[in-house]
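# Remarks on the overall topology
Spelled out from the first residue to the last, the chains are:
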Amino acid sequence: MANVPWAEVCEKFQAALTLSRVELQKNPEKEPYKSKYSARALLEEVKALLGPAPEDEDERPEAEDGPGAGDHALGLPAEVVEPEGPVAQRAVRLAVIEFHLGVNHIDTEELSAGEEHLVKCLRLLRRYRLSHDCISLYIQAQRQGFAMLPRCQVICLPRPPKVLGLQNNLGILWSEREEIETAQAYLESSEALYTQYMKEVGCPPLDPTERFLPEEEKLTEQERSKRFEKVYTHNLYYLAQVYQHLEMFEKAAHYCHSTLKRQLEHNAYHPIEWAINAATLSQFYINKLCFMEARHCLSAANVIFGQTGKISATEDTPEAEGEVPELYHQRKGEIARCWIKYCLTLMQNAQLSMQDNIGELDLDKQSELRALRKKELDEEESIRKKAVQFGTGELCDAISAVEEKVSYLRPLDFEEARELFLLGQHYVFEAKEFFQIDGYVTDHIEVVQDHSALFKVLAFFETDMERRCKMHKRRIAMLEPLTVDLNPQYYLLVNRQIQFEIAHAYYDMMDLKVAIADRLRDPDSHIVKKINNLNKSALKYYQLFLDSLRDPNKVFPEHIGEDVLRPAMLAKFRVARLYGKIITADPKKELENLATSLEHYKFIVDYCEKHPEAAQEIEVELELSKEMVSLLPTKMERFRTKMALT
């Protein structure tokens, strides 16, 4: 070291960073890690020039650096010890090199070697981890391995940075080995250290790269603060992932929300990705029936997505967003789908709150909810203050402006439901612009099904039965063409869903037409024909659904799978009821219909006797089926007697 100028050591280190970050993009396809290996060689040279690690640190037992051994793993207070003197300074410089060697090996998929270097880095830094010189590197050093995990399914988070730190690096490695709780210990330790450092020291710490920069090129306090806060934001990101894997969904959502909020505060975000993550987070809140929070996430997603192309590229996002129009339109469609779910779930929740035991509007329940509305509005401000809000100043105002146009309260009547319906329908059209049947079959069908569901729940709020019929007719018009385009061999489950939904729409229309006919003293033949045609169509699609459950030999299963048990039983029950509703002047035909109806009711009763678990799925329908099995034979006998007399 004495014979090599310090400037040359720094030059080698900076060259290694350039090879890792910039030259990587120029590697030939057959040698994807060429520049990484060159960078590694330079880092090893720098390490050799720095000399051996100080003995008192290098010989520390490796077990002390693992989770559960030492106060850092438990998030307990650490002492502020600055690395003073040449020996301590050399230890910190070596730790920086070990860190980059660890990242290098992880990037080239040599995980064991990567872990070895990262553990050495932690060992060298452990005494000084809470110091101004070392806190940033130490926090980063526990995170890296977690970046190799697949993205979460329930809560999608911002993408990981390209170069991460050491304690965080180890968190990632442990996660790769399914040692999620170990990763949790590392990452929670980093969080505790950040909190303690900000409380006891507070000033922006040294960035690891500054160890190999001349004095005149050292970072400003502002830049140091920006980088350190970014390190902590990434730590929250990985904690959200850990809690997701541990199925601690409340915590995962909290850390995801905090990550997104901090990205806005520090102006460190990619508009498209930030927007899609905020929209995805809204789905967690929707599932928890936290509609105000969900609306806030979606409104923020709209506002930030609108910034696309207006924010210059950064180190983390080098590509210009304007260069990815397909991604832009896809993300726009995905955000639209999140809005659809918001509108649909809010309307469905209102329906559940106001319907009676046969699914119709209960006026008493509606009145009770109206009385509660004032209380909900009075509490709105206090709820807002407790919620984590995105953005400040103009950004906050822009988000609020979007929010104010959308209700978060359950609709109590048709007009309120219609407002949500129209918003949901607007986003249906927006989603379908990208998710077209040609290329996105499953996504397109799901959007159409959501559109149908919006009409279905809107019909619940409509008091005019003729208008309700028209809504169900719209559902059928959008769903029936799908059954023609889909190959049942490849889309069996989707076909079943659509067949069942179409059947139910015809079933609801028939019930409404029967109710309309009952109000008339003498329904004409046209109404009777209409009822029978609707009945016939419902029977057709229920039968198609039931036939899809048969084996290749066309035999109906003796044991129905759990995933289709309830729909299969409901289909059998409704088929039985439909045969009993066919209007005919022919007694012989009516007797045949009653016999078919009885056959389906008996199937339900017999199946539930053989498989008691099925009774729990259709308690109401089973009781009615038992009643009909008891009553129908008597009714059929009267018909036979009447036919014999005539």
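Note that the coordinates shown come from a computational prediction; the quantities given were computed from them, not determined experimentally. (Residues numbered from 1 in each chain as written. Predicted model: local features only at pLDDT ≥ 70, side-chain atom pairs only at ≥ 80, totals over all residues. Heavy atoms only, no water.)

On to the overall build of the chain. Scanning the chain from N- to C-terminus turns up 25 helices and 0 strands. In the chain, which comprises 646 residues, the share counted as buried stands at 50%. Counted over contacts in the chain with a minimum sequence separation of 6, partners at least 24 positions apart contribute 76%. On the chain, roughly 31900 Å² of surface is accessible, and the fraction owed to carbon and sulfur atoms is 51%. (Helix = DSSP H or I, 4+ residues; strand = E, 2+ residues; numbered from the N terminus. Buried < 20%, exposed > 50% of the residue type's maximum accessible area, 1.4 Å probe, protein only. Contact = heavy atoms within 4.5 Å. Areas by Shrake-Rupley, 256 points an atom, 1.4 Å probe, with all protein chains shown as cover.)

Turning to the packing of aromatic side chains, a few remarks are in order. All told, the structure shown has 26 aromatic pairs when counted by the stated rule. Plain terms: the ring middles of tryptophan 274 and phenylalanine 390 are 5.0 Å apart, the flat faces sit at 80° to each other, and that makes the pair edge-to-face. Of this pair, tryptophan 274 sits in helix H12 (residues 271-287) while phenylalanine 390 sits in the loop between helix H15 (363-386) and helix H16 (393-403), and the two are 116 residues apart along the sequence. When its relative accessible area of 1% is taken as the criterion, tryptophan 274 is described as buried. Taking 5.4 Å as the distance between ring centres and 65° as the angle between the ring planes, the aromatic pair formed by phenylalanine 500 and phenylalanine 545 counts as edge-to-face. Within this pair, whereas phenylalanine 500 is found in helix H20 (residues 492-519), its partner phenylalanine 545 is found in helix H21 (residues 525-547), the two being separated by 45 residues in sequence. Site record: aromatic cluster; members linked through ring pairs are Tyr194, Tyr197, Phe228 and Tyr232. The positively charged end of arginine 337 is found above the aromatic ring belonging to phenylalanine 435, 5.2 Å away from the centroid. (Phe/Tyr/Trp six-rings, centres within 6.5 Å; stacked < 30°, edge-to-face > 60°. Lys NZ or Arg CZ within 6 Å of the ring centre and 35° of its normal.)

Turning next to the environment of proline 83. On the secondary structure map, proline 83 appears in the loop between helix H4 (71-74) and helix H5 (86-107). Relative accessible area serves as the criterion here: at 2%, proline 83 is assigned to the buried category. Considered as a pair, proline 83 and tyrosine 128 are 45 residues apart in the sequence and their alpha carbons are 6.2 Å apart. Those residues in contact with proline 83 that lie beyond four places of it in its chain are Ala88, Gln89, Val92, Tyr128, Ser131, Asp133, Cys134 and Arg211.

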